[in-house]
Amino acid sequence: MIAVAPGAEDMLKIRGLSKSYGSRQVLRDIDLDVPTGSVMCIIGPSGSGKSTLLSCINHLEPIDSGRVWVAGELVGYREHRGKLYELPEREVARMRRNVGMVFQQFNLFPHMTALQNVIEAPIRVKRTPPARAKDRATRLLDRVGLAGKHARYPAQLSGGEQQRVAIARALAMDPKLMLFDEPTSALDPELVGEVLAVMQDLARSGMTMVVVTHELGFAREVGDQLTFMDDGVIVERGDPRMVLAAPKEKRTRDFLSRVL
Amino acid sequence: MAEQAAQQVVKLRHPGTWMATVVVLLIVGLVATSVATNPAFEWPVVAQYMLDGEVLAGLRRTLALTVAAMVMGLVLGTVLALLRLSRNRLLSTLSWGYIWFFRSVPVLVQLIFWYNFGALYATISLGVPFGPALFTANTNTLITPLFAALAGLGLSQSAYTAEVIRAGIVSVSPGQTRAALALGMRRLMIYRRIVLPQAMRVIIPPVGNEVISMVKNTSLVSVIALAELLYTTQLIYSRTYQTIPLLIVASLWYLIIVSVLSVGQYFLERRFRHR
């Protein structure tokens, strides 16, 4: 665990975030602070809005009200005289480079090899020279334990390997913040450990991370903070050990008694 | 266990299959003998015209028409598919209307219609809308049989291709787009680099079929006096009265083109299959 220096700037700051799909409100007035270099784990029942919250952080979903700042920069909107104006595609795309995302279903590009998956965005989006991008991708793939499998296509890799390629792909853009959307939920039980190990390693290296997960062990060991969400609101938050061992709210207790 | 393993398995016999094979072989043999020995087929005439200069020129026009109409169909079809998937309701409705119209009217009717476009507008002008014309020409000099053929074949082909391409794009998981967006890629790049290459797997088999259909649909152009393969052979047999052998010449050439294309399609599909 990284001890957060007092006064360190928050990498992610969310204030009053609300979002509805039609008449169904999925997020209500969310506030969240994630200090630079810390790991925030989010748990909660399915349909509680955890994944939607992640999608709002890199503006994959537009928001109805509230503000999201990543590295001090307002995400997706420009504020002018008290109003929020949605930014053009180019600006949104530029901001998304700062935020890496890892999906439950991996979403690797199936027509590209592991290496091609990792170098695609650096070359196309950041205009990194191909030789340098390949060099970097090779090191990243080695780091997530895929040395010797660079030329494999996603279909030739196990779920755990695919997810580790997906992590390397996100890291290749040098993000300041990493979002994990239930990264181990689609994996066979025996493959969960290898992905969590890579994530733990990443947390140790000082990466700021927001992790939506059902792995309470990971939340306890690696998380600096734990947030419990239910029905679109943040019910409880705090030190993971405290929240998991002695939850204050009844809803948290009920949820934990069901999953433990 | 050992005793059981030693026992032999006797497969079920299928006497019906054998009888059917014999019957089919007999029929094929009868037809083949008849085709080979009936003098009315005039095989020497077929051989004489297979590599005839006039016929080969017609063949070249058929191939050129196929390529041109398919290129037109693919380019316009891709644009129509993207419009159809656009968030702008007007654009998607417009594309829907185009596809509806050009798929509904028979290609033969469209060809004749374009050929007679001069009856609708005697002259065609280019200029400022509702203002003065900068350029005016007689419709009949602009719309040659070739133009009418390309318009008729290409426009209706684009309507079919648009639906194939749209189905291909829709078949790609939305997670792919989300992943690409999260990496900071922009819409057009995502289409080009991520979505379309994956859609190809779904698009190529039906487009291969459409190319094969197009080779034969070009023969419709014979009604507007464009000397492609069929019309060329028709011109010859109207002089020589050797109708059957010349139709065989045309048929053999269509068979050859389609066979070559089928082989090409096989390799193209293999290339785009997921590894």
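The rules behind each value
Residues numbered from 1 in each chain as written. Chains lettered and ligands numbered in written order. Predicted model: local features only at pLDDT ≥ 70, side-chain atom pairs only at ≥ 80, totals over all residues. Heavy atoms only, no water. Core = buried A, V, L, I, M, F, W, Y, C linked by side-chain atoms within 4.5 Å. Buried < 20%, exposed > 50% of the residue type's maximum accessible area, 1.4 Å probe, protein only. Helix = DSSP H or I, 4+ residues; strand = E, 2+ residues; numbered from the N terminus. Contact = heavy atoms within 4.5 Å. 1 Å grid on protein atoms, 1.4 Å probe; cavity = no way out; pocket = protein on both sides within 12 Å on 5 of 7 lines; lining within 4 Å. Points joined across faces, edges and corners; volume = space filled by probe spheres on them. Nonpolar A, V, L, I, M, F, W, Y, C, P; charged D, E, K, R; others polar.

Novice: So, the nonpolar core: which residues are in play, and what are the values?
Specialist: The nonpolar side chains of a soluble globular protein tend to be buried with one another. Grouped together as the largest cluster of nonpolar side chains are 76 residues, with contacts concentrated most on Leu12(A), Ile14(A), Leu17(A), Leu53(A), Leu177(A) and Val210(A). With 10 residues, the single largest contributor to this core is helix 8 (residues 145-171) of chain B. When residues no more than four places from it in sequence are discounted, the contact partners of Leu177(A) are Met11(A), Leu12(A), Ile57(A), Val70(A), Asn98(A), Val99(A), Gly100(A), Met207(A), Thr208(A), Met209(A) and Val210(A). Formed by 50 residues, the second largest nonpolar core is a distinct cluster that contains Ile123(A), Ala133(A), Leu146(A) and Met199(A).

Novice: Outline the layout of surface pockets, supporting the account with residue identities and numerical values.
Specialist: Looking at the largest pocket, its volume works out to about 960 Å³. Lining the largest pocket are 27 residues, and of these Arg87(B), Thr177(B), Leu181(B), Arg187(B) and Tyr191(B) sit closest to its centre. Secondary structure elements with two or more residues in the lining of the largest pocket: helix 2 (89-96) of chain A together with helix 8, helix 9 (174-182) and helix 10 (187-217) of chain B. Considering each element in turn, the lining of the largest pocket owes the most residues, 5 residues, to helix 10 of chain B. When the residues that make up the lining of the largest pocket are grouped by side-chain class, the tally is 16 nonpolar, 4 polar and 7 charged. Approximately 260 Å³ is the volume found for the second largest pocket. Together, 16 residues line the second largest pocket, and Ile204(B), Val207(B), Gly208(B), Val211(B) and Leu268(B) are the ones closest to its centre. The biggest single contributor to the lining of the second largest pocket is helix 10 of chain B, with 8 residues. Its residues placed into classes, the lining of the second largest pocket shows 11 nonpolar, 5 polar and no charged.

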